[in-house]
Amino acid sequence: MVFRGTIADAPDFDPSADAEALYNAMKGIGSDKEAILDLVTSRSNAQRQEIIAAYKSSFGKDLIEDLKYELTGKFERLIVSLMRTRAYHDAKEIHDAIKGTGTNERCLIEVLASRNNQQIHDMVEAYKDAYGSDMEEDVIADTSGHFKKMLVVLLQGTRDESGVVDADLVEQDAQDLYEAGEAQWGTDEAKFIMILGNRSMTHLRMVFDQYEKVNETSIEDSIKNELSGDFERLMLAVVQCIRSVPMFFAKRLYKSMKGLGTADNTLIRIMISRSEIDMLDIRECFRLRYEKSLYNMIKDDTSGDYKRTLLSLCGGDDDLAGEFFPEAAQIAYKMWELSSMTKVQLRPTVRPASNFDPATDAQALRKAMKGFGTDEDAIIDIVAHRSNSQRQEIRQSFKSLLGRDLMKDLKSELSKNLERLVIALMLTPAEFDAKMMRKAMEGAGTDEHALIEILVTRSNEEIQAMNAAYQDAYKKSLEEAIQSDTSGHFCRILVSLVQGAREEGPADVERANADAQELADACNAESDEMEMKFMSILCTRSFPHLRRVFQEFVRFTNKDIEQIIKKEMSGDVKNAFYAIVCSVKNQPSYFAERLYKAMKGLGTDDRALIRIMVSRSEVDLFNIRKEFKDAQDASLHEFIQGDTSGDYRKTLLILCGGED
């Protein structure tokens, strides 16, 4: 196996000399933390065990106990963890995850999904030695259901590691997984557990490819559709580890540091457990996915001796290298290949109500608004549980039966965000998009992100309907409005998109190669020329075609198109092209990220929140929910619950359609 760690055996190693150096660093008042961290992080784990033995022989003391006494906080936790063997460190992590009240399911998932057979056997043995109990029994006592069953399977450490692949069995397993999930009502979880818990990594990668080829959907999407809760999270982690263990850990590291606060236990656990295995690969995957080096993320997110120790384990700043890695390019190529093969089944959260009677709904809405006070609950219950076409029938019935304008009545009876949300739901999609475009451009500033989001994600038909609705409502063409409110290349990009003339249909392989080559050549041109060339391809080709173009672009340049856009472009032009690329790759994921940005930090971007929740509720909000949970380790439902209030929150949660 090729060594891809950042920590290796130190040359000319002398455990007695190291033991003495550590003893001297801790004697007297205060301790020389720099000497401790420099020594500990420049020795391999095996060498640290020799130092522990030499320390006891020379000074009759327990080195780990002395370190605990001398050091404090996260720095102490990190140094002490480095001194344990890998097996005992894993055992302690599992023990800490299940002891006391509550269970740290994410820790159980991370450790058990990512370790090989030998590592699991060593960990189970270390657990027995350290805690005098059986790990499997303790895990069973603390978990339940299918989640528990899969953990028990993984704890056996019996995954096939022969590397032998039976082509017939690959086809059979792909078929069995399909029949256990997508092909039937309900899910045969036992089949998922048996196949994903026992087959070899090589075999399963081929099963996943076969599954996508035959079913036009990825195994990840099927798991998100068919499973839920901790069991869903565990199975997704297993799949991610089968595809790429370094990418799995890159994502875990990013999640541990993004947003407010740091999940230090996760950060410490991964940095220690991977430092002698595949930290170089994790660094490459991290930079590929987040366009930032792991080194810089740690530097920005931690401090003091704790930071210095983590940076030593990280082993280098990849941003200084300035170039893409061949291994990362291969992963990027595979990502685009996966994206082009997968046909995502879009799932809404709002569907037409059964036994629908527009006249009854119209009368009920009038009753809710008549007299003193307003029955908001009755209004929400009707509006949020009907499809948009049903709401249009209610609008018509309200006017026919009562001679009143429902929209005017709702505006006069409701207020603030609830009014904005209910009115948004009552407009047709074209009217709502037109109104959102108008709002993004009226007044002093321009909401460029809203303009980009709407124009990039709507189909030709939706854009043409929006153009007609805009002209009808504001007596001016949307194109003219854009031209008077934006400028330069950004204006040209929006004008190109607002034509609603993007090509439709599958990828043309020969033309995709030519397009990819043109984009690659444009990267060496002046910025004006480069942006025009990118616009001529990104704003006009069909999404399936662009997936193929971006895949071939990696082959020509050894770089991912996202990285080029972020590095070579700036401002609104960069944001527009980046949004196109993200939508082409995975549109529900793009919307999930937009929703996260609307709610993270102080304050809420209610206009963005309403726009996305309303416009996607009958298209793909279920898919967006799943992507949100995958990216944030928290559900969209939780975010809305914590970030909004009152009847506004109640309505958004109905649109959200459930807790994941």
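Residues numbered from 1 in each chain as written. Predicted model: local features only at pLDDT ≥ 70, side-chain atom pairs only at ≥ 80, totals over all residues. Heavy atoms only, no water.

Chemist: Tell me what's going on with the overall build of the chain, and back it up with residues and numbers.
Modeler: A count of helices and strands for the chain gives 40 helices and 0 strands. On C-alpha atoms alone, the chain measures out to a radius of gyration of 28 Å, which is about the 26 Å that the 2.2 N^0.38 rule sets for 660 residues. By its C-alpha atoms, the chain is 95 × 60 × 60 Å across when sized along the principal axes. By the burial criterion, 52% of the 660 residues in the chain qualify as buried. Intrachain contacts of the chain at a sequence separation of at least 6 include 74% that bridge at least 24 residues. Of the roughly 28600 Å² that the chain leaves accessible, carbon and sulfur atoms contribute 47%. Charge-centre separation for the chain: the mean point of 86 positive side chains lies 4 Å from the mean point of 113 negative side chains. (Helix = DSSP H or I, 4+ residues; strand = E, 2+ residues; numbered from the N terminus. Rg over C-alpha atoms; globule rule 2.2 N^0.38 Å. Buried < 20%, exposed > 50% of the residue type's maximum accessible area, 1.4 Å probe, protein only. Contact = heavy atoms within 4.5 Å. Areas by Shrake-Rupley, 256 points an atom, 1.4 Å probe, with all protein chains shown as cover. Lys, Arg positive; Asp, Glu negative; His and termini not counted. Charge placed at Lys NZ, Arg CZ, Asp CG, Glu CD.)

Chemist: Kindly report on the packing of aromatic side chains, identifying the contributing residues and their values.
Modeler: If you walk through the whole model with that rule in mind, you get 14 aromatic pairs. The aromatic ring of F556 is capped on one face by R555, whose charged end is 5.1 Å from the ring centroid. (Phe/Tyr/Trp six-rings, centres within 6.5 Å; stacked < 30°, edge-to-face > 60°. Lys NZ or Arg CZ within 6 Å of the ring centre and 35° of its normal.)

Chemist: Can you explain the pattern of salt bridges? Please cite residues and give values.
Modeler: Tallying each qualifying case throughout the model produces 44 salt bridges. The shortest N-O distance in the salt bridge between K68 and E65 comes to 3.8 Å. In this pair, K68 and E65 both sit in helix α4 (residues 63–70), 3 residues apart, roughly one turn of the helix. Salt-bridge contacts for E276 lead to R86; the nearest nitrogen and oxygen are separated by 3.8 Å. Residue E276 is located in the loop between α17 (264–274) and α18 (279–290), and its partner R86 is located in helix α6 (residues 86–98); the two are separated by 190 residues in the primary sequence. (Salt bridge = Lys/Arg side-chain N within 4 Å of Asp/Glu carboxyl O.)

Chemist: Give a detailed account of helix α12 (residues 189–198), specifying residues and quantitative values.
Modeler: Where α12 is concerned, the buried positions are E189, F192, I193, I195, L196 and G197. If you follow the buried residues of α12, they end up packed against α10 (145–155), α11 (167–180), α13 (201–215), α14 (219–226) and α15 (229–243).

Chemist: So, the environment of R4: which residues are in play, and what are the values?
Modeler: Looking at the element boundaries, R4 is found in the segment before α1 (15–26). Sequence separation between R4 and I277 is 273 residues, and the spatial gap between their C-alpha atoms is 5.7 Å. Separated by 2.8 Å, the side chains of R4 and D281 make a polar contact. (Polar contact = N/O pair within 3.5 Å; in protein donor to acceptor, adjacent residues only side chain to side chain.)

Chemist: Any details on the state of the cysteines? Residues and values, ideally.
Modeler: Going through the model one piece at a time under the given rule, you end up with 0 disulfides. Cysteine C107 is unpaired, with the sulfur of C241 as its nearest cysteine sulfur at 13 Å. C523 takes part in no disulfide bond, and the closest cysteine sulfur to it belongs to C539, at a distance of 16 Å. Given the relative accessible area of 18%, C523 is considered buried. (Disulfide = S-S within 2.5 Å.)

Chemist: Explain the nonpolar core to me, and be specific about the residues and the numbers.
Modeler: Counting residues in hydrophobic clusters, the biggest one holds 199 residues, and the most contacted among them are F534 and F577. Looking at which element gives the most residues to this core, the answer is helix α36 (residues 571–599), with 14 residues. Not counting residues within four places of it along the chain, the set of residues in contact with F577 comprises I493, E531, F534, M535, L538, C539, I565 and M569. (Core = buried A, V, L, I, M, F, W, Y, C linked by side-chain atoms within 4.5 Å.)

Chemist: Help me get a handle on the packing of α14 against α15, residues and values and all.
Modeler: Between α14 and α15, the shortest axis-to-axis distance is 9 Å and the interhelical angle comes to 175 degrees. The angle between α14 and α15 falls in the class roughly antiparallel. Side by side, α14 and α15 meet where I219, E220, I223 and K224 of the first sit next to E232, M235, L236, V239 and R243 of the second. For the contact of α14 with α15, the class distribution of residues is 5 nonpolar, no polar and 4 charged. (Axes fitted to C-alpha atoms, helices over the stretch in contact; angles between N-to-C directions. Parallel < 35°, antiparallel > 145°, perpendicular 65-115°, else oblique. Nonpolar A, V, L, I, M, F, W, Y, C, P; charged D, E, K, R; others polar.)

Chemist: Describe in detail unusual backbone geometry, supporting the description with residues and values.
Modeler: Positive phi values are uncommon outside glycine, yet D12 reaches one of about 50 degrees. When you line up the elements, D12 lands in the segment before α1. Despite not being glycine, N355 has its phi angle at roughly 50 degrees, a positive value. Here N355 lies in the loop between α21 (326–341) and α22 (358–369). Take N355: its relative accessible area is 80%, and that puts it in the exposed class.

Chemist: I'd like a rundown of the packing of α11 against α13, residues and numbers included.
Modeler: Packing of α11 against α13 leaves a shortest axis separation of 8 Å and a crossing angle of 60 degrees. In terms of orientation, α11 lies oblique with respect to α13. As α11 packs across α13, the resulting crossing turns out to be right-handed. Between α11 and α13, the contacting residues are L169, V170, E171, D173, A174, L177 and Y178 on the first element and H203, M206, V207, Q210, Y211 and N215 on the second. (Left-handed = near helix turned anticlockwise from the far one by under 90°.)

Chemist: Lay out the environment of Q330 in plain terms, naming residues and giving numbers.
Modeler: With respect to the helices and strands, Q330 occurs in helix α21. Its relative accessible area of 57% is what places Q330 among the exposed residues.

Chemist: With reference to specific residues and values, describe α11.
Modeler: Along an α-helix, residues three or four positions apart point the same way, because every turn accommodates 3.6 residues. In a regular helix each residue adds 1.5 Å, so 14 residues correspond to 20 Å; α11 covers 20 Å between its end C-alpha atoms and thus fits that length. Buried within α11 are the following residues: V170, D173, A174, D176, L177 and A180. Taken end-on, α11 shows its buried residues confined to a sector of 165 degrees, consistent with a single buried face. More than 90 degrees from the buried face of α11, the exposed residues found are A167 and D168. The secondary structure elements touched by the buried residues of α11 are α12, α13 and α14. Among the residues of α11, the N-terminal cap falls to D166, whose side-chain oxygen and the backbone nitrogen of D168 are separated by 2.9 Å. (Expected span 1.5 Å × (residues − 1). Arc of directions from axis to C-beta.)

Chemist: Account for the environment of T158, naming residues and giving values.
Modeler: Along the chain, T158 turns up in the loop between α10 and α11. In this structure the C-alpha to C-alpha distance between T158 and G60, which are 98 residues apart in sequence, comes to 41 Å. Those residues in contact with T158 that sit more than four places away from it in its chain are N117 and N198.

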